[in-house]
Amino acid sequence: MQTLSSVYSISHPALKNLQDRINSKTATVGIFGLGYVGLPLALRFSEVGIRVLGFDIDKNKVSTLSSGGSYIERIPPETIASAIKNGFSATTEFSRTSEVDAIIICVPTPLNKYREPDLSYIINTIEAALPYIHEGQLISLESTTWPGTTDEIIAPRLKSKDLVPGQNCALVFSPEREDPGNLDFGTKNIPKVIGGTTEVCLKLGMSIYEYAIQTMVPVSSTRAAEMTKLLENIHRSVNIGLVNEMKIVADKMGINIHEVINAAATKPFGFVPYRPGPGLGGHCIPIDPYYLTWKAREFGVNTRFIELAGEINHQMPHWVVEKIADALNENGKSIKNSKFLILGLAYKKNIDDTRESPAVEIMDLLQNKGAKIDYSDPHVPEFPIKRDYYFDLKSVPLDGASISEYDCIVLATDHDAFDYDLLQKNAKLIVDTRGRLKAASNTISA
């Protein structure tokens, strides 16, 4: 790796010391937020020999990690144990912020009930750490947010302590690009965008990340980096909204949308296949577009195209429930008092991440109409704690007898672990929201 001192000259003693510690690989990285983004990043830094101190307000997470355990399915305990041997540790004590050279913030950025940005996790994190932040530290924000957050939320708080990015500290924005369940791309080999408050900030940020990430993609500013992340996710949201709308139109016309997509995908140019589903899930795509629409209003811009896609995607769980009601009606039943099994609680297949999962919203909509609800998900053994939903449920094991007990089975997430032949053989009615099942008299597409 090319050292920072060979590409850029730094004069301030505190930043010069930071530069030397990075170049000599003696810097300590602090990861704030040990969830689906922060923990893999912490483990990657540890893997390449960088000492890592992880911070989280969840005492259970810290306790699990400290004992060598893991709470993320794809991260085995052996990986945690290896990281501990390399010096990794976790804490709830923000006073230990003073011990680290790089402060990397990987906390959630949800929406409030008005679908407006909720930056409380970022603000609470930086304010809890602020008394212990000092000269010569690098601060990197990875949480997806609106363009200007780094400059308008983080920088002023640093300046309140006479910490000026580019002079006696460094400040960058480098958005996370995690894709849970992707076996080809992970923290190590997903190119990483980064923007700095100044050129010095950018170079310092790149120099620490380059130890863990194979390819860095520098941009001109933190705002450009923030906008890059939003564009990535809005691109997906808009295209998924389009294909979800196409699914509804095709359904009305009696056309199998999945057959159409597969045929269109044979075109070797000008078409990228997106797959419809019961709605958007994960922490990025259902949320991030609204961060830009909210900020755009400050500039007098109405983001109609983005909001229309969000509206379509947001309505998909309701459309699925309508399809369920129609299918039950054909069997002489109603949603009320019918017994439902939701297949797949995670927001996409073969992972344990349930954030913003449309499956959960479908469960809630059905229960509000008087349905009796169970779920089965081999990756989610117990219904997780959520801000907006609560079900006192555990995953139901599947066999022919148990499957036949339900009035309707809703395939919300098409995990590979499900035995689809067993399901279709024994189910009274299956509503398939993913296009996974073959045509059958007891199966309808939604």
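Please refer to the structure placed before this passage.
Cut-offs used in this document
- Residues numbered from 1 in each chain as written.
- Predicted model: local features only at pLDDT ≥ 70, side-chain atom pairs only at ≥ 80, totals over all residues.
- Heavy atoms only, no water.
- Phe/Tyr/Trp six-rings, centres within 6.5 Å; stacked < 30°, edge-to-face > 60°.
- Helix = DSSP H or I, 4+ residues; strand = E, 2+ residues; numbered from the N terminus.
- Buried < 20%, exposed > 50% of the residue type's maximum accessible area, 1.4 Å probe, protein only.
- Lys NZ or Arg CZ within 6 Å of the ring centre and 35° of its normal.
- 1 Å grid on protein atoms, 1.4 Å probe; cavity = no way out; pocket = protein on both sides within 12 Å on 5 of 7 lines; lining within 4 Å.
- Points joined across faces, edges and corners; volume = space filled by probe spheres on them.
- Nonpolar A, V, L, I, M, F, W, Y, C, P; charged D, E, K, R; others polar.
- Pairing = 2+ DSSP bridges.
- Axes fitted to C-alpha atoms, helices over the stretch in contact; angles between N-to-C directions.
- Contact = heavy atoms within 4.5 Å.

Engineer: What should I look at first to understand the packing of aromatic side chains in this one?
Structural biologist: What describes a pair of aromatic rings is the distance from one ring centre to the other and the angle between the planes of the rings. Applying the stated criterion to the full structure yields seven aromatic pairs. Seen in terms of ring centroids, Phe-32 and Phe-55 are 4.1 Å apart; in terms of plane orientation they differ by 5 degrees. Their pairing is stacked. With Phe-32 in strand E1 (residues 28–32) and Phe-55 in strand E2 (residues 51–55), this residue pair connects regions lying 23 residues apart in the sequence. We note that Phe-32, like Phe-55, is buried. Site record: aromatic cluster; members linked through ring pairs are Phe-32, Phe-55 and Phe-94. Positioned over the ring face of Tyr-290 is Arg-115, at 4.5 Å from the centre of the ring.

Engineer: Explain empty space enclosed by the protein to me, please; I cannot follow it from the model alone.
Structural biologist: Taking a probe equal in size to a water molecule and rolling it over the atoms shows the remaining empty space. In this structure the tally under the stated criterion is one cavity of 30 Å³ or more. A volume near 130 Å³ is recorded for the largest cavity. Surrounding the largest cavity, 13 residues form its lining, Glu-176, Arg-177, Glu-178, Thr-187 and Lys-192 being those nearest its centre. Looking at the lining of the largest cavity residue by residue, the classes come out as six nonpolar, two polar and five charged.

Engineer: Please explain the sheet that holds strand E5 (residues 138–141) as it appears in this structure.
Structural biologist: Pairing between sheet strands relies on hydrogen bonds along the backbone, with the strands arranged either parallel or antiparallel. One open sheet holds the eight strands; their spatial order is E3-E2-E1-E4-E5-E6-E7-E8, and the pairing between them is mixed. In this open sheet, the two edge strands, each paired with only one partner strand, are strand E3 (89–91) and strand E8 (216–219). Going across the sheet, the axis of each strand differs from the next one's by a mean of 25 degrees, ignoring polarity. Relative to E1, helix H2 (residues 38–47) is tilted by about 170 degrees, and along the sheet it contacts E1, E2 and strand E4 (102–105). The strands touched by helix H7 (residues 199–209) within the sheet are E1, E4, E5, strand E6 (170–173), strand E7 (192–196) and E8, with E7 carrying the most contacts at an inclination of about 150 degrees.

Engineer: Would you mind showing me how to read the sheet that holds strand E12 (residues 430–432) here?
Structural biologist: Strand order in this open sheet of five strands is E10-E9-E11-E12-E13, and the pairing throughout is parallel. Only two strands of the sheet have a single partner each, and these edge strands are strand E10 (372–376) and strand E13 (443–445). Pairwise comparison of adjacent strand axes, ignoring direction, gives a mean angle of 20 degrees for this sheet. Examined bridge by bridge, E12 and E13 share three bridges and lie parallel to one another. Within the sheet, the bridge partner assigned to Ile-430 lies in E13 and is Thr-443.

Engineer: How should unusual backbone geometry be read in this particular structure?
Structural biologist: Negative phi is the rule for most residues except glycine; trans is the rule for most peptide bonds. One non-glycine residue, Asp-162, lies in positive phi territory at about 60 degrees. Mapped onto the fold, Asp-162 is located in the loop between helix H6 (149–159) and E6. Even without glycine at this site, Asn-337 takes up a positive phi of about 70 degrees. Its place among the elements puts Asn-337 in the loop between helix H11 (304–330) and strand E9 (339–343).

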